[in-house]
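Working through the structure, step by step
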Amino acid sequence: VYSPKGGTGCTTIAVNLALALHNDDTRVVIVDSNLQYGDVAVFFNEQGKNTIADLAPLADELDPDIVDGVLLKHAATGISILASPSRPEMADKISADQFLKIIEFLRQMYAYVVIDTAPYLSDVTVAAIDVSDVIVLVTTQDIPAIKNARLFLDLLQNLRIDRNRIAFVMNRFDKRIAITAERVGENLKQEVAAVLPLDERVVIPAVNRGVPFMVDNKSQPVARGIFGLAESVRGRLASLELEVEERSAKR
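This section reports on the structure supplied with the text. Given the structure is predicted, the values throughout are model-derived calculations rather than measurements. Every chain's residues receive numbers from 1 upward, in the order its sequence appears when written. In view of the model being predicted, local features appear only for residues whose pLDDT reaches at least 70, and side-chain atom pairs are presented and counted only at 80 or more, with totals across whole chains, interfaces and linings using the full set of residues. Values reported for side chains reflect all heavy atoms of the structure, with hydrogen atoms and water molecules removed beforehand.

Description of the overall build of the protein
- A tally of regular secondary structure across the protein gives eleven helices and seven strands.
- Each radius of gyration is computed over the set of C-alpha atoms, and the globule rule expresses the reference value as 2.2 Å times the number of residues to the power 0.38. Expected size for 251 residues packed as a compact globule is a radius of gyration near 18 Å; at 18 Å, the protein falls within 12% of this value.
- Judged by the C-alpha coordinates and their principal axes, the protein covers about 50 × 50 × 35 Å.
- Expressed as a percentage of its 251 residues, the buried residues of the protein come to 49%.
- Only heavy atoms matter for contacts: two residues are in contact if any of them lie within 4.5 Å across the pair. Of all intrachain contacts in the protein linking residues separated by at least 6 positions in sequence, the fraction that spans at least 24 positions is 75%.
- Working definition of accessibility: Shrake-Rupley area with a 1.4 Å probe, residue cover restricted to the visible protein chains. Approximately 12800 Å² of the protein is accessible, and the part contributed by carbon and sulfur atoms is 49%. Secondary structure elements are taken from DSSP: a helix is a run of H or I of four residues or more, a strand is a run of E of two residues or more, and numbering for both begins at the N terminus. Only protein chains enter the area calculation, which uses a 1.4 Å probe; residues under 20% of their type maximum are buried, those over 50% are exposed, and those in between are partly exposed.

So, in structure tokens, the structure goes:
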């Protein structure tokens, strides 16, 4: 889950999308790759002494027991959390190579690995974008966010990333503002996969309580938007799997 503009709601979307994808058959781990100021654990009202900084030095010798010992387990939902370092200066001790090895190992353990990213394109963020099967690109209705989304979509060509991997999301949609999802999608030549309505009465208390709204407010419009996004992500992953199978059959 990525946005090239800070403050667009990436962590809210990542946390609640992870919950929408998680069940007994498809277990989810959410990884906080905002290594300096990540808030994923806070959104779940969780804190633990172990973080991704504890796994990074062991990246070449990971096993399920080591990983389980570091992951936080959210008791109410069963979701697993790989928290960001406890102090900002620890971010420099985690390389992109270590990060990728951790993600690849988590892929063997979980049905979905949801990565919350920082806006700055650090080596770790670029690695997260590159390794992800689906990139949830987040924008809002303000011009700076839309401009940055355009710049990122242009950058994808240089990174050789297929635009079909993008699930474009408009967050905090306010009907009173004339900028519509359709207009933005046409302008950027990228269809908007999901529109999440502005709902401060639900979202802000959920963040402050440390109880994601997908836990106890699933009937709200913003939660229905998250369910729609989850379906879009599942659909894109199914299409990717089909493409891989077809390519294998041709060999």
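Here we look at unusual backbone geometry
- Residue N45 is not a glycine yet carries a positive backbone phi of 55°.
- As for its position among the elements, N45 is in the loop between α2 (40–43) and α3 (52–55).
- The residue K189 is not glycine, and still its phi comes out positive at about 55°.
- Note on placement: K189 falls in the loop between α8 (181–188) and β7 (192–197).

Some details on the sheet that holds strand β5 (residues 135–139)
- By definition, two strands form a pair when at least two bridges between them are found by DSSP. Taking strand neighbours across the sheet as the criterion, the three strands line up as β5-β6-β7 in an open arrangement whose pairing is parallel. Because the sheet does not close on itself, it has two edges, and the strands there are β5 and β7. Taken over all neighbouring pairs, the strand axes of this sheet differ in orientation by 25° on average, direction set aside.
- One ladder, built from five bridges, connects β5 with strand β6 (residues 166–173); its direction is parallel. Bridge pairing in β6 places V138 opposite V169.
- For helices, the fitted line uses only the C-alpha atoms of the stretch in contact; every axis is such a line through C-alpha atoms, and the angle between N-to-C directions lies from 0 to 180 degrees. Helix-sheet contacts for helix α11 (residues 221–250) involve β5, β6 and β7, and the interaxial angle to β7 is about 165°.

Side note on the sheet that holds strand β3 (residues 80–82)
- Strand order in this open sheet of four strands is β2-β3-β1-β4, and the pairing throughout is mixed. One side of each edge strand has no neighbouring strand; the edge strands of this open sheet are β2 (72–73) and β4 (112–116).
- Examined bridge by bridge, strand β1 (residues 28–32) and β3 share three bridges and lie parallel to one another. Bridge pairing links I30 to I81 in β3.

A closer look at the nonpolar core
- One finds V1, I30, V136, F213 and L229 to be the most contacted residues of the largest nonpolar core, which totals 41 residues.
- When residues in this core are grouped by element, the largest group, nine residues, is from helix α1 (residues 10–21).
- Each residue touching L229, except ones within four places of it in the same chain, is listed here: I13, L17, V136, A167, V169 and A194.
- Formed by 26 residues, the second largest nonpolar core is a distinct cluster that contains V31, A91, I103 and Y110. Buried Ala, Val, Leu, Ile, Met, Phe, Trp, Tyr and Cys residues form a nonpolar core when they are joined through side-chain atoms within 4.5 Å.

Considerations on α1
- To estimate how far a helix should reach, multiply one less than its number of residues by 1.5 Å. Here α1 is twelve residues long and its end C-alpha atoms lie 16 Å apart, about the 16 Å a rise of 1.5 Å per residue gives.
- Listed in full, the buried residues belonging to α1 are C10, T11, T12, I13, A14, V15, N16, L17, A18, L19, A20 and L21.

Details of the environment of S86
- Mapped onto the elements of the fold, S86 is located in the loop between β3 and α5 (96–109).
- In this structure S86 comes out as exposed when scored by relative accessible area, which is 59%.

Observations regarding the environment of Y37
- Within the element layout of this structure, Y37 appears in the loop between β1 and α2.
- Separated by 28 residues in sequence, Y37 and G9 place their C-alpha atoms 14 Å apart.

What to know about the packing of aromatic side chains
- Centres within 6.5 Å make a pair out of two Phe, Tyr or Trp rings, where for Trp the six-membered ring is used; the pair is then stacked when the planes are under 30 degrees apart, edge-to-face when over 60, and tilted otherwise. Considering all chains together, one arrives at one aromatic pair under this definition.
- The interplanar angle of 45° and the centroid separation of 4.8 Å between the aromatic rings of Y2 and F152 together place this pair among those described as tilted. Highlighted residues: Y2 in the segment before α1 and F152 in helix α7 (residues 143–159), separated in sequence by 150 residues. The same class applies to Y2 and to F152, which are both buried.

Some thoughts on the pattern of salt bridges
- In the sections that follow, a salt bridge refers to a side-chain nitrogen of Lys or Arg positioned within 4 Å of a carboxyl oxygen of Asp or Glu. Evaluated as defined, the whole model comprises nine salt bridges.
- A salt bridge links K101 to D60, with the shortest nitrogen-to-oxygen separation between them at 2.5 Å. Here the residue K101 occupies a position in helix α5, and D60 occupies one in the loop between α3 and α4 (64–70), the gap between them amounting to 41 residues.
- Residue classification places D60 among the exposed positions, given a relative accessible area of 64%.
- Here R234 makes a salt bridge to E231, at a shortest N to O gap of 2.6 Å. Here R234 and its partner E231 are both found in helix α11, three residues apart, which amounts to about one turn of the helix.
- Looking at R234, the relative accessible area reads 26%, which means it is partly exposed.
- One network of salt bridges, in which partners are shared, links D60, D97 and K101.

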